[in-house]
Every structure is written in structure tokens, then in C-alpha cells.
Amino acid sequence: MQTQPILKRLMAVSIAAAMFGAVGAQAQTGASSQAGQQSGSSATAATASGAAKLTSADRKAITDMAMSNMAEVEMGKLAQSKSQNADVKAFASKMVDDHGKALTEVQTLAQSKGVTLPTELDAKHKAMSTQLEKASGDAFDKAYVKQGGVGAHKETLTKLQAASKGAKDPDVKGQVDKMIPVVQEHLKHAEQLAKGKSGSSGSSGAAGHTGSSH
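Starting afresh in each chain, residues are numbered from 1 along the sequence in its written order. Residues qualify for local features only when their pLDDT is at least 70, as the model is predicted, and side-chain atom pairs are given and counted only at 80 or more; totals for whole chains, interfaces and linings, by contrast, use all residues. In computing side-chain properties, one takes all heavy atoms of the structure into account and sets aside hydrogens as well as water.

A.B. asks: How would you summarise the overall build of the chain if you had to cite specific residues and measurements?
C.D. replies: Within the chain, the regular secondary structure consists of six helices and zero strands. The numbering of helices and of strands both runs from the N terminus, where a helix is a DSSP run of H or I of at least 4 residues and a strand a run of E of at least 2. What you see in the chain, going N to C, is helices and strands ordered as α-α-α-α-α-α. Every one of the 214 residues in the chain was classed for burial, and the buried ones make up 37%. We call two residues in contact whenever any of their non-hydrogen atoms come within 4.5 Å of each other. Long-range contacts, defined here as pairs at least 24 residues apart, represent 76% of the contacts in the chain between residues at least 6 apart. Buried, partly exposed and exposed residues are distinguished by accessible area as a fraction of the type maximum, computed with a 1.4 Å probe on protein chains only: under 20%, between the cut-offs, and over 50%, respectively.

Below you can see the structure in the form of C-alpha cells.
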């Protein structure tokens, strides 16, 4: 006679245990979801914090590097299509390759620091490209070597050297210092090309002056 009450009590205990187990599982799922959301928020906050920690000079160094690399790639592609001089075309190809790689590195750095980069050339560099587009033949070669080669690299080198001295963020300084020897090499090559172009009115003037620079 006592068997039925005992069975009922056992069933009641089992049902209660199942209910508590379900509630516990829901609580765990909710906690995991909340933890995931907090983790995502933390990553976003970390990026924002990285941008907030950068000095204005460091942010400018990143955007300046991006702009100079974009400009060199743009002018280099233009020279690849317009120049008839083998040495100038070789120089232009190197500018596209080297500055293209550097631009990718700067973009990665900017993303990690929460810095928004320009997506197109500024007015100054657009004007340079427009001027080059209007030139042709030997006049184009001379203008490209003078502006995209010597002039642009001198300006970039000056900015990089100043940025290296004033950089506070180690990652920014590291990228700046990595670019400096590359730009110095480009400048040396451009100056050799410029000497060849200034001494000749033909496309062969640059030949023999590039030497072993690259």
C-alpha cells in the first residue's frame, strides 16, 4: 500500500531535478552568450583605445605614409603606361611594387590603431598626376623623374625622419624606420635617373646612369 506514495515522491523528485537542470543549462548558455558579447565589445574598445592613445603626430605619420605610398603607386602606374624609356619604366615598376607593399603594411597598422586612412589622393598629389598625364615622350620622363622620383622622395624622407624622432608609439616608429632606407634607396636611384635625363634629349640618356642602384 505504501508503494504508490513512494513512487509518486520519486517521480516528483525526478521532475524537479530535470527542471532545475534545464534552468541551469539556460543560465550557462546566457552567461556564455554574454561573455561572447563582452569579448567582442572588449576588442572594439581595445581598437578605439589604441586610437585614443596615439598622439596627433603619430596619427599624422600614419596618414602621411599612406598618402605618399598611394601617390607613388599612382604615378608609377602612369609611368609604366606612358614612358618609352626602359630605365624609367623599370624605376616605375619598382615604385609600384615597393610602395604597394608599404601601403599594405601601413593599412594594417592603421587598422590595428583605429586610424581611418584616406581612400584617394589629396589635392596636391592629384595635381601632380594631372600634370604628368598631360605630358608625353621625353618631357613626361623628365617630369616623372623630377616630381615622382626626386621631389616626392625628398619630401617623404624629410617627413619620415621627423616622424621617427617624434614618434611615441613603438609600432608607428617601427613602420617609419622600416620605410626610411627604402625611400633613401629610391631617392638615390631617382637622382641618378635625373642626371641622365637632364643630359640627354633622347630616351637613351638615362641608360648607364642607373648603374647598380637596383
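A.B. asks: I'd like to hear about the pattern of salt bridges, residue by residue, with values.
C.D. replies: In what follows, salt bridge is the name for a side-chain nitrogen of Lys or Arg lying within 4 Å of a carboxyl oxygen of Asp or Glu. Summed over the entire model, instances satisfying the criterion amount to 10 salt bridges. The partner of Lys-142 in a salt bridge is Asp-138, with the nearest N and O atoms 3.6 Å apart. With Lys-142 and Asp-138 both in helix α5 (residues 137–166) and four residues apart, the pair spans about one turn of that helix. Each of the salt bridges in this network shares a partner with another, and the network as a whole consists of Lys-113, Asp-169 and Asp-171.

A.B. asks: Account for the environment of Ile-180, with residues named and values stated.
C.D. replies: Looking at the secondary structure, you find Ile-180 in helix α6 (residues 170–198). Here Ile-180 falls in the buried class, since its relative accessible area comes to 14%. Residues Ile-180 and Ser-164 lie 16 residues apart in sequence; the distance between their C-alpha atoms is 9.0 Å. Contact partners of Ile-180, with chain neighbours within four places excluded, come to Leu-157, Leu-160, Gln-161 and Ser-164.

A.B. asks: Give a detailed account of the packing of helix α2 (residues 56–82) against helix α4 (residues 123–134), specifying residues and quantitative values.
C.D. replies: Packing of α2 against α4 brings their axes to within 10 Å, and their N-to-C directions diverge by 5°. Considered as vectors, α2 and α4 are oriented roughly parallel to each other. Here α2 contributes Met-67, Ala-71, Glu-74, Met-75, Leu-78 and Lys-82 to the contact with α4, which in turn contributes His-125, Met-128, Ser-129, Leu-132 and Glu-133. The residue classification treats Ala, Val, Leu, Ile, Met, Phe, Trp, Tyr, Cys and Pro as nonpolar and Asp, Glu, Lys and Arg as charged. All others, Gly included, are polar. Its residues assigned to classes, the contact of α2 with α4 shows six nonpolar, two polar and three charged. Working convention: axes come from line fits to C-alpha atoms, limited for helices to the stretch in contact. Angles between N-to-C directions cover 0 to 180 degrees. Orientation labels follow simple angle bins: below 35 degrees gives roughly parallel, above 145 gives roughly antiparallel, 65 to 115 gives roughly perpendicular, and whatever is left gives oblique.

A.B. asks: For the environment of Lys-159, give the residues involved together with the corresponding values.
C.D. replies: Structurally, Lys-159 is set in helix α5. Counting along the chain gives 94 residues from Lys-159 to Met-65, while the straight-line C-alpha distance between them is 8.8 Å.

A.B. asks: Requested: an account of the packing of α2 against helix α3 (residues 86–113), with residues and values cited.
C.D. replies: Across the interface, α2 lies against α3 with an axial gap of 8 Å and an inter-helix angle of 150°. Considered as vectors, α2 and α3 are oriented roughly antiparallel to each other. Classified by chirality, the crossing of α3 by α2 is left-handed. Crossing handedness follows the turn of the near helix against the far one: under a right angle anticlockwise gives a left-handed crossing, and clockwise gives a right-handed one.

A.B. asks: Just give me the short version of the nonpolar core, but keep the residues and values in it.
C.D. replies: Think of a nonpolar core as a cluster: buried Ala, Val, Leu, Ile, Met, Phe, Trp, Tyr and Cys residues, connected wherever their side-chain atoms sit within 4.5 Å. Ranked by size, the top nonpolar core spans 42 residues in total, and within it Ile-62 and Tyr-144 carry the most contacts. Counting only elements with at least two residues in this core, the list comes to α2, α3, α4, α5 and α6. Excluding its chain neighbours within four sequence positions, the residues that come into contact with Ile-62 are Leu-54, Val-106, Leu-109, Ala-110, Lys-113, Val-115, Leu-117 and Val-172.

A.B. asks: Describe the layout of surface pockets, and please don't skip the residues or the numbers.
C.D. replies: Cavities and pockets were defined on a 1 Å grid built over protein atoms only: a cavity is a set of grid points that admits a 1.4 Å probe from which the probe cannot escape, a pocket is an open set flanked by protein on both sides within 12 Å along at least five of seven lines, and lining residues are those with an atom within 4 Å of any such point. Grid points are joined across faces, edges and corners, and a volume is the space filled by probe spheres set on the points. Quantified by volume, the largest pocket comes out at close to 340 Å³. As for the largest pocket, its lining consists of 22 residues, and the residues nearest its centre are Lys-60, Asp-64, Met-65, Glu-155 and Lys-159. Contributing elements (two or more residues each) for the lining of the largest pocket: α2, α4 and α5. The biggest single contributor to the lining of the largest pocket is α2, with nine residues. Classifying every residue of the lining of the largest pocket by side-chain character gives 11 nonpolar, four polar and seven charged.

A.B. asks: Can you lay out the packing of aromatic side chains for me, pointing to particular residues and giving the numbers?
C.D. replies: Centre distance within 6.5 Å is the pairing criterion for rings of Phe, Tyr and Trp, where only the six-membered ring of Trp is used; planes under 30 degrees apart are then read as stacked, over 60 as edge-to-face, and the remainder as tilted. Evaluated as defined, the whole model comprises two aromatic pairs. Summarising the aromatic geometry, the rings of Phe-140 and Tyr-144 are spaced 6.2 Å apart at their centres and angled 5° between planes, so their arrangement reads as stacked. Of this pair, Phe-140 and Tyr-144 both sit in helix α5, four residues apart, roughly one helical turn. There is no split in this pair, since Phe-140 and Tyr-144 are both buried. Each residue in the set Phe-91, Phe-140 and Tyr-144 is aromatic and connected to the rest through ring pairs, giving one cluster.

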